Amino acid sequence: MITAVDAVEALRSARATVATAESLTGGLLCAALVGVAGASDVVRGGIVAYAPDSKTDLLGVGAELIAERGTVDADVAAAMATGSRERFGATYGLATTGVAGPDPSEGKPVGAVYIAIAGPGGVDTRLLHLSGNRETIRAETVAALLSWLVARLGEESRPDRG
């Protein structure tokens with residue numbers, strides 16, 4: 001299993017920096033990263049934007065997008081990741097938005113989570129279908145995003161990429 005230590009080491013090896021934009025994880029992603037000794041070399045900062053207007057005001061997510069689709073959406077996650085990357089001047093921006101439960105939200109089931117990575121290679125999103133209680137869903141979201149980040153760093157740093 002990929003850990004925050006692995007992510008920080010991969011970022012350092014790639015000479016890259018990261019910023020986070022979190023909704024359902026409420027800061028757990030950034031906390032996992034900064035819990036690693038030496039994280040200050042690679043972590044630029046993080047924003048917890050739990051309320052819809054915070055996503056707009058702090059991260060630049062379009063209010064029209066949120067009004068049309070809600071906050072649990074791939075394009076919202078992409079905009080959050082892009083917003084964190086731009087605001088912190090980081091190589092990569094990471095984002096989380098979804099439904100941790102215990103009840104569905106915005107017509108989305110518990111465990112529907114979008115994660116996003118914005119970086120030099122563009123912005124990509126993934127939809128996760130997680131199960132368990134709030135704590136489990138939030139922890140699995142962090143683990144999934146860290147694992148994806150390490151994989152993406154490996155892909156983007158390959159000399160034959162292109």
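Up top is the structure these notes are about.
What comes next is a walk through the structure. (Residues numbered from 1 in each chain as written. Predicted model: local features only at pLDDT ≥ 70, side-chain atom pairs only at ≥ 80, totals over all residues. Heavy atoms only, no water.)

### Examining unusual backbone geometry
Cis geometry is adopted by the peptide bond preceding Pro-102, which originates at Gly-101 and carries an omega value of 15°. A positive phi angle, close to 55°, is found at Arg-15, a residue other than glycine. One can find Arg-15 in the loop between helix H1 (4–13) and strand S1 (18–22). Since its relative accessible area comes to 80%, Arg-15 is described here as exposed. Phi is positive for Glu-106, close to 55°, though the residue is something other than glycine. Among the structural elements, Glu-106 can be located in the loop between strand S3 (92–98) and strand S4 (112–119). For Glu-106, a relative accessible area of 41% gives the class partly exposed. (Helix = DSSP H or I, 4+ residues; strand = E, 2+ residues; numbered from the N terminus. Buried < 20%, exposed > 50% of the residue type's maximum accessible area, 1.4 Å probe, protein only.)

### Concerning the pattern of salt bridges
Under the counting rule described, the total for this entry stands at six salt bridges. Across the salt bridge formed by Arg-12 and Asp-41, the nearest N and O atoms sit 3.5 Å from each other. One end of the pair, Arg-12, is in helix H1; the other, Asp-41, is in the loop between helix H2 (28–34) and strand S2 (43–48), with 29 residues separating them in the sequence. Its relative accessible area of 34% is what places Arg-12 among the partly exposed residues. (Salt bridge = Lys/Arg side-chain N within 4 Å of Asp/Glu carboxyl O.)

By themselves, these are just geometric observations and shouldn't be taken as functional.
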